[in-house]
Amino acid sequence: MSPLPAPGAPLPHYVSTAPFDPLATETMTAAQSRIHLASQKQLMWWKFKQHRLALISGIFLAAVYLMILIVEFLAPYGLHTRNVDFIHAPPQSIHFFDKGNFVGPFVYGRSMTLDLDTLHRVYADRPNDVQPIRFFCRGDAYKFWGFAASNYHLVCPAIGGQMFLLGTDRLGRDVLSRILYGARISLTIGLIGISISFVLGIVIGGLAGYRGGVFDLIVQRLIEVLQSLPSLPLWMALAAIMPVTWSPIVIYFGITVILGIIDWTGLARAVRSKLLALREEDYVQAAQLMGASTPRIIGRHLVPGFMSHLIASATISIPGMILGETALSFLGLGLRPPITSWGILLTEAKSVSVIAFYPWLLYPIIPVVLVILAFNFLGDGLRDAADPYK
C-alpha cells in the first residue's frame, strides 16, 4: 500500500498528457479511414460516380453545352445558306471505300430529276462523282456569336460539291446545320428559365417557410391556383399576349420569363417544407439572438443546408422548360424566325404529307429526346448523391 501524500502536497496526476489520437481505440483499414475522413463533397462525388447512367448523362450534357459555344465552327453550312438546286434532298451517306479502294470519308454527288406523275424531286447518287469531305476548311462566312467574322469550319463539303448528312428542308437549307444552331436557343432557354425560377422559388418559398403566418397562407393559395391551371393552355395564353411587332430577341427573353414565372411553384414548396423543419434548429435561434436579418439567415444558414437537393430539382425542371419552348414554337406561339430552335425546326413537319415524303424533317426531335433523358438521368444521380449516407 503506497503511503499517503504529506498534508498540503499536490496529489499525483494520473491523466496522460500525450496528444489525443481518435484512432487509437479503434483500428481502421485504409479504405475505412479514407471514407471516415472524407469531406461531404467527396462522399457526394463517390456516390454520384456509382450511378453510371447519370455520369454518362452528365458528360453528354457537358459536351452538348460546350458545343453550343462554337456552333458556327461545327456547322458545315451557314444558318440561312440555301441550296436551291437541292430542295428537300434526302440525307447522304458517308462512305470510305470506292470500288474496293480506301478513299477516306466522302459522299457521292447527286443528280435530280422531276417525277412528272407526283411532281416530286427524285435524287440519285452518281457513282463516278466522289466528293471527299474536307476538315478544318474554309466554307460559308459567318459571324462568331454575331461579332467576329470568319469562314473557318470543322467539316466542309468538297469544293463545288454538296454534303447534306441529314438532308435539306423546303428552302434547301442543311438540316444538320440548323439543328446545331437551334441547340443554342433551345438549351440556353432552359438555363435562363430555371435561373428565374430558382430565384423566385428560393425567395418566395424561403420567406413563406421562415416567416409563416398570413404571408405563407397567401403564397400557398397562389401556388395552388397556378398549379391547378393546365400548363400548355397557360403558356399559350401568356405567349399570345406578346405583340407580333416585338423583335425575335425580345420574344426570346419573353418566353424565358414566362417559363420561369410558371415553374417556380414546385421549387417554392420544396424550399418552404425544408425551412419549416430547419427554422427551429438551435443554430437558427442563435443567429436570431445575434441580430442576423431574415435574408442573411435564409441565404447563409438555411438554404446552403439543402442546396444539393435544390440542384437536383433544378436539373429535373430544365427538361420541362425545353419541352415548353419546343411546344410553343411548334404551335407558332413561341419563338419566331429568323431565330432558330428545335421547336421551330419541327414546324416544318406539321402535315402528314410532309412526314410521309420527307421524314428527315423530324430529325430535330432526336436531340430533344436525348437531352430530356440525359437531364432526367442526371437529376436521379444528383438526388441520390445528395444523401451519400443513405
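For the structure itself, look to the data block above.
As the structure is a computational prediction, the values presented were derived from the model and not from experiment.

## Section: the packing of aromatic side chains
- Under the definition given, this model contains eleven aromatic pairs.
- With a centroid separation of 6.2 Å and an interplanar angle of 25°, the aromatic rings of F73 and Y152 are classed as stacked. Note that F73 is positioned in helix α4 (residues 71-74) and Y152 in strand β5 (residues 148-156), a separation of 79 residues in sequence.
- Summarising the aromatic geometry, the rings of Y358 and W360 are spaced 5.7 Å apart at their centres and angled 65° between planes, so their arrangement reads as edge-to-face. W360 matches Y358 in its accessibility class, with the two residues each being buried.
- The rings of Y77, F86, Y123 and F164 are connected pair by pair, giving a single aromatic cluster.
- When the ring centre of W145 is taken as origin, the NZ or CZ atom of R184, which lies over that ring, is 3.9 Å away.

## Focus on the environment of F86
- Relative to the assigned elements, F86 resides in the loop between α4 and β1 (95-98).
- Of the residues examined, F86 reaches a relative accessible area of 11% and is grouped as buried.
- Spatially, the C-alpha atom of F86 lies 35 Å from that of P319, the residues being 233 residues apart in sequence.
- If sequence neighbours within four positions are ignored, F86 has contacts with R110, Y123, Q162, F164, T168 and G172.

Criteria and thresholds
- Residues numbered from 1 in each chain as written.
- Predicted model: local features only at pLDDT ≥ 70, side-chain atom pairs only at ≥ 80, totals over all residues.
- Heavy atoms only, no water.
- Phe/Tyr/Trp six-rings, centres within 6.5 Å; stacked < 30°, edge-to-face > 60°.
- Helix = DSSP H or I, 4+ residues; strand = E, 2+ residues; numbered from the N terminus.
- Buried < 20%, exposed > 50% of the residue type's maximum accessible area, 1.4 Å probe, protein only.
- Lys NZ or Arg CZ within 6 Å of the ring centre and 35° of its normal.
- Contact = heavy atoms within 4.5 Å.

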